[in-house]
Amino acid sequence: MDQRHWTPCNALTVDVEDYFQVLAMAPYVGRDEWDRWPCRVEASTDRLLEICAEQGVHGTFFTLGWVAERYPRVVRRIVAAGHEIASHGYGHERVWEIGPRAFREDLLRAKGLLEDLGGVPVTGYRAPAFSIGPRTPWAREILLETGHTYSSSVYPIRHDHYGSPNAPRGPHRPDGAGGLLEIPPATLRLFGRNLPAGGGGYFRLAPYRASWAALRWINHAEDRPAVFYIHPWELDPGQPRVPGIDYRTRFRHYINLHRTEERLRRLLRELHWDRIDRVFAPEIAGARDWPSGQVVSAQAL
Ligand SMILES: [Zn+2]
């Protein structure tokens with residue numbers, strides 16, 4: 001088959017959490033205050049689901065156990081619409097901060113809730129704030145033991161809150177065959193550095209064309225699928241403002257919220273998208289290596 005006619009399908013991923021649970025907000029909104037803030041996640045996830053339906057796109061929803069427990073309809077709607085339900089843990093705590101014992105409990109609690117509500121197995125996981133890396137050598141083993149088959153928790157960039165700049169850019173098994181599969185968010189290799197191209201604040205901050213061009217480059221020049229992520233609160237310009245936050249957090253959290261919805265709609269329309277478990281089915285099954293296994297035909301997906 002002529003490879004040039006094959007356009008990779010990217011993975012759309014959503015981290016389902018509310019605006020006050022973002023880790024950069026943690027110094028200003030205590031965990032014990034979460035129940036006192038107006039909930040927006042149910043409505044903003046519905047908005048995302050509507051946009052996906054309108055564009056005929058499916059994705060993977062890494063959902064917080066805390067959200068699932070309080071708003072079970074969110075999980076049921078995600079599953080009913082044909083998306084993959086996956087885990088964002090229960091309490092949205094950095095993995096390296098809570099340690100192995102609490103990590104295991106957090107994983108099992110989230111997985112139990114999501115599987116009970118969704119009625120489907122949960123095998124994917126994304127760590128809050130991409131907090132799996134050199135500081136958590138035990139995390140992958142615990143993910144496997146608790147029934148997860150892949151993680152999308154290592155962002156191979158330099159960032160003040162997260163990032164493992166030396167980690168591989170593509171799907172890989174850090175512990176070798178039989179180990180956990182890590183599927184990182186998209187990066188662009190430029191001037192010897194990895195630049196974030198996978199969504200979040202960068203998608204809102206940079207012009208639309210920058211994100212589009214980066215993902216297209218990965219698809220066409222590198223002939224690979226990319227992983228893109230977004231949060232429901234990024235489509236909610238009317239969310240209550242958290243008072244007293246520092247300039248950097250305020251800028252990153254609120255910039256261009258009013259533009260996200262239209263940008264996302266365009267991105268979903270202009271590129272190909274699907275759930276992680278389908279886009280990376282060959283890697284999950286161990287049937288395709290990265291980056292050598294670029295020989296992919298449309299039938300393989
Ligand atoms: Zn998160």
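The sections below set out a description of the structure shown in this document.

Analysis parameters
- Residues numbered from 1 in each chain as written.
- Predicted model: local features only at pLDDT ≥ 70, side-chain atom pairs only at ≥ 80, totals over all residues.
- Helix = DSSP H or I, 4+ residues; strand = E, 2+ residues; numbered from the N terminus.
- Rg over C-alpha atoms; globule rule 2.2 N^0.38 Å.
- Buried ≥ 20, exposed ≤ 12 C-beta atoms within 10 Å, placed from the backbone.
- Contact = placed C-beta atoms within 7 Å.
- Expected span 1.5 Å × (residues − 1).
- Arc of directions from axis to C-beta.
- Axes fitted to C-alpha atoms, helices over the stretch in contact; angles between N-to-C directions.
- Parallel < 35°, antiparallel > 145°, perpendicular 65-115°, else oblique.
- Nonpolar A, V, L, I, M, F, W, Y, C, P; charged D, E, K, R; others polar.
- Pairing = 2+ DSSP bridges.

Some words on the overall build of the chain
A count of helices and strands for the chain gives eleven helices and ten strands. Here the C-alpha atoms of the chain give a radius of gyration of 18 Å, agreeing with the 19 Å that 2.2 N^0.38 yields for 301 residues. Along the first, second and third principal axes, the C-alpha set of the chain runs to 55 × 40 × 40 Å. Out of the 301 residues belonging to the chain, those deemed buried represent 44%. Contacts spanning at least 24 positions in sequence make up 76% of the contacts within the chain whose residues lie at least 6 apart.

Details of helix H7 (residues 208-220)
Compared with the 18 Å implied by 1.5 Å per residue over 13 residues, the 18 Å span of H7 between its first and last C-alpha is a close match. Among all positions of H7, only Ser-211, Ala-214, Leu-215, Ile-218 and Asn-219 are buried. Buried residues along H7 cover an arc of 135° about the axis, so they all sit on one side. Relative to its buried face, H7 has exposed residues pointing more than 90 degrees away, namely Arg-209 and His-220. The inward-facing, buried residues of H7 contact strand E1 (10-16), strand E7 (187-190), helix H6 (201-205), strand E9 (227-230) and helix H9 (257-270).

Describing helix H3 (residues 72-80)
Taken as a whole, H3 has its buried residues at Val-74, Val-75 and Ile-78. Within H3, the buried residues cover an arc of 95° as seen down the axis, which keeps them to one side. Check the buried side of H3 and you find it contacts E1, helix H1 (41-55), strand E2 (60-63), helix H2 (65-70), strand E3 (84-87) and helix H4 (95-118). Positive phi shows up at Gly-82, right after H3, with a value of about 90°.

Examining the packing of H1 against H3
Orientation of H1 relative to H3, taken along the N-to-C sense of each, is 10°, at an axis distance of 10 Å. Taken as axis vectors, H1 and H3 run roughly parallel relative to one another. Each of Val-41, Glu-42, Thr-45, Asp-46 and Leu-49 in H1 lies in contact with H3, whose residues at this interface are Arg-73, Val-74, Arg-77 and Ile-78. When its residues are assigned to classes, the contact of H1 with H3 shows four nonpolar, one polar and four charged.

A closer look at the environment of Val-279
Looking at where Val-279 falls in the secondary structure, it is placed in helix H10 (residues 276-279). Take Val-279: there are 26 C-beta atoms within 10 Å of it, and that puts it in the buried class. In sequence terms Val-279 and Leu-12 are 267 residues apart; their C-alpha atoms lie 9.6 Å from each other. Dropping the residues within four chain positions of it, Val-279 is found in contact with Cys-9, Asn-10, Ala-11, Pro-225 and Asp-274.

Considering the pairing of E7
A regular strand carries its side chains on alternate faces of the sheet. Looking at chain direction, E7 and strand E8 (residues 193-196) are connected through four bridges and run antiparallel. For Arg-189, the partnering residue across the bridge sits in E8 and is Asn-194. Two successive antiparallel strands, E7 and E8, enclose a turn made up of two residues, where Phe-191 displays a positive phi of approximately 50°.

A closer look at unusual backbone geometry
Phi at His-92 takes a positive value of approximately 55°, unusual for a residue other than glycine. A count of 24 C-beta atoms within 10 Å places His-92 in the buried class. Phi is positive for Phe-191, which is not a glycine, with a value near 50°. Counting through the fold element by element, Phe-191 comes out in the loop between E7 and E8. Residue Phe-191 is classed as exposed on the basis of its 5 C-beta neighbours within 10 Å.

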